Amino acid sequence: MYIAPMSVQRKIIHIDMDAFYASVEQRDNPEYRGKAIAVGGSPEGRGGVVATCSYEARKFGVRSAMPSKRALQLCPHLIFVRPRFAAYKEVSQSVREIFSRYTDLIEPLSLDEAYLDVTEDKQQIGSAIAIAQQIKQAIREELQLTASAGVSINKFVAKIASDMQKPDGLTFIAPSQVESFMENLPVEKFFGVGKVTADKMKSMNLHTGKDLKKLSENELVQYFGKSGRFYYKIVRGIDDRAVEPHRETKSVGAEDTFAYDLTLIEEMNAELDKIAVTVANRLERYQLKGRTVTLKIKYSDFKQITRNQSLAQGINDLPTIAAVAKQLLLKTEPEDKKIRLLGITLSNFGEEQPPETAQLSLF
Ligand SMILES: [Mg+2]
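Just so it is clear, the model here is predicted, and its values are computed rather than measured. (Residues numbered from 1 in each chain as written. Predicted model: local features only at pLDDT ≥ 70, side-chain atom pairs only at ≥ 80, totals over all residues.)

K.L.:
It is not clear to me how the environment of P186 should be interpreted in this structure. Could you clarify?
P.N.:
Checked against the element boundaries, P186 lands in the loop between α7 (178-184) and α8 (195-203). Here P186 falls in the partly exposed class, since 13 other C-beta atoms lie within 10 Å of it. In the structure, P186 is positioned 23 residues away from G209 in sequence and 6.5 Å away in space, judged by C-alpha atoms. If we ignore the near neighbours within four places in the chain, the residues touching P186 are H207 and T208. (Helix = DSSP H or I, 4+ residues; strand = E, 2+ residues; numbered from the N terminus. Buried ≥ 20, exposed ≤ 12 C-beta atoms within 10 Å, placed from the backbone. Contact = placed C-beta atoms within 7 Å.)

In structure tokens:
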């Protein structure tokens, strides 16, 4: 009897630097060590946002993307530090160089995160766990920083794993554990599952991967659209997405043409909220964070304009996408205008930072 060869099981590592910007600041400025610091915009004035905060600050509930004013309320002794993107980029390149000792199949997601495919590693170490350990050690010794690693057979599981024992963690989900790992995973952790979908799932008594697994592929597609097909596979531990060193996706967006022209700002904002849900879900699905948000508006006379804003840090979360889009809308003086189409697009996924001027306007 002929037995077809099993396809080679891949070895995927997801590396995520711990509290990256804040850790670099604490490394370079000894006076910040052991202190609650937030890298980002000042709490004075308007609109300052925390980009990254130290673990000391996280104990007080301070989080990324939180308004700096709110962060200061939670943690009154919080030290605000202006970001030094050039420094972070340099460190990021050094981290990339460490990765490249083991593989060329490196897919950066942002300055501080990347997937590595080490199915065949350059040094013929063979063990993905050993490679992850060596990478973490090199980052510690050469850069005086820590990273967390997730090791498994696909990108999806590796990424969730890297987050499980932060900071300075290494989590391995063995091939034989992948299915039960997925069964125990809360539905919120599946990508493509934003808040809306999660609520819908819960109302259907679907709380974990195990619950999703009880549904057929057709049922999943019927209830959750195209993503249903993905859920069907991923809950069975199947994620064939390759680690792509040169990612092709340049932008992710959604738009909607309305049955009648919108004239009220409240209506426009409500539509932007809906479109932002679709965009956020797509970004999650592709595991992308974009730094440039573009708003497209088509008026009743078919005249079309676009407005965009670049942020210091990639975003993929619904509240931020919606907030930036609404801000852009306000700047177009939408009062007394008739709008027939709105669209939101995120782009700028690579490791490049926006020009200095864009950063300064945010911070
Ligand atoms: Mg990180």
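K.L.:
Which parts of the structure should I look at to understand the nonpolar core?
P.N.:
Side chains of nonpolar character tend, in soluble globular proteins, to be buried together. Formed by 96 residues in total, the largest nonpolar core has its most connected members in I13, A38, L116, A276, I321 and A325. Ignoring sequence-local partners within four residues, the contact set of I321 consists of A276, V279, A280, V293, I315, I344 and L346. (Core = buried A, V, L, I, M, F, W, Y, C linked by C-beta atoms within 7 Å.)

K.L.:
Is there a simple way to think about the pairing of strand β10 (residues 290-299) in this case?
P.N.:
Looking along a regular strand, one sees the side chains alternate between the two faces of the sheet. Alignment of β10 against strand β11 (residues 304-315), held across eight bridges, turns out to be antiparallel. By the bridge assignment, K298 is partnered in β11 with Q304. In sequence, β10 turns back onto β11 through a hairpin of four residues, with F302 there showing a positive phi of about 70°. Bridge analysis of β10 against strand β12 (residues 339-347) gives eight bridges, and the strand direction is antiparallel. Pairing of L295 across the sheet is with I344, part of β12. (Pairing = 2+ DSSP bridges.)

K.L.:
Looking at this model, I keep getting lost on unusual backbone geometry. Mind explaining?
P.N.:
Glycine aside, residues mostly have negative phi, and peptide bonds are mostly found in the trans state. Here the amide bond leading from K166 into P167 is cis, since omega sits at -10°, within 30 degrees of zero. In this structure, P167 sits in the loop between α6 (155-162) and β8 (170-172). Positive phi, normally seen in glycine, also occurs at N205, with a value near 65°. Mapping N205 onto the fold places it in the loop between α8 and α9 (209-213). A residue is classified by how many C-beta atoms lie within 10 Å of it, and N205, with 8 of them, is exposed. Notably, N348 is not glycine yet its phi reads approximately 70°, a positive angle. Mapping N348 onto the fold places it in the loop between β12 and α14 (356-362).

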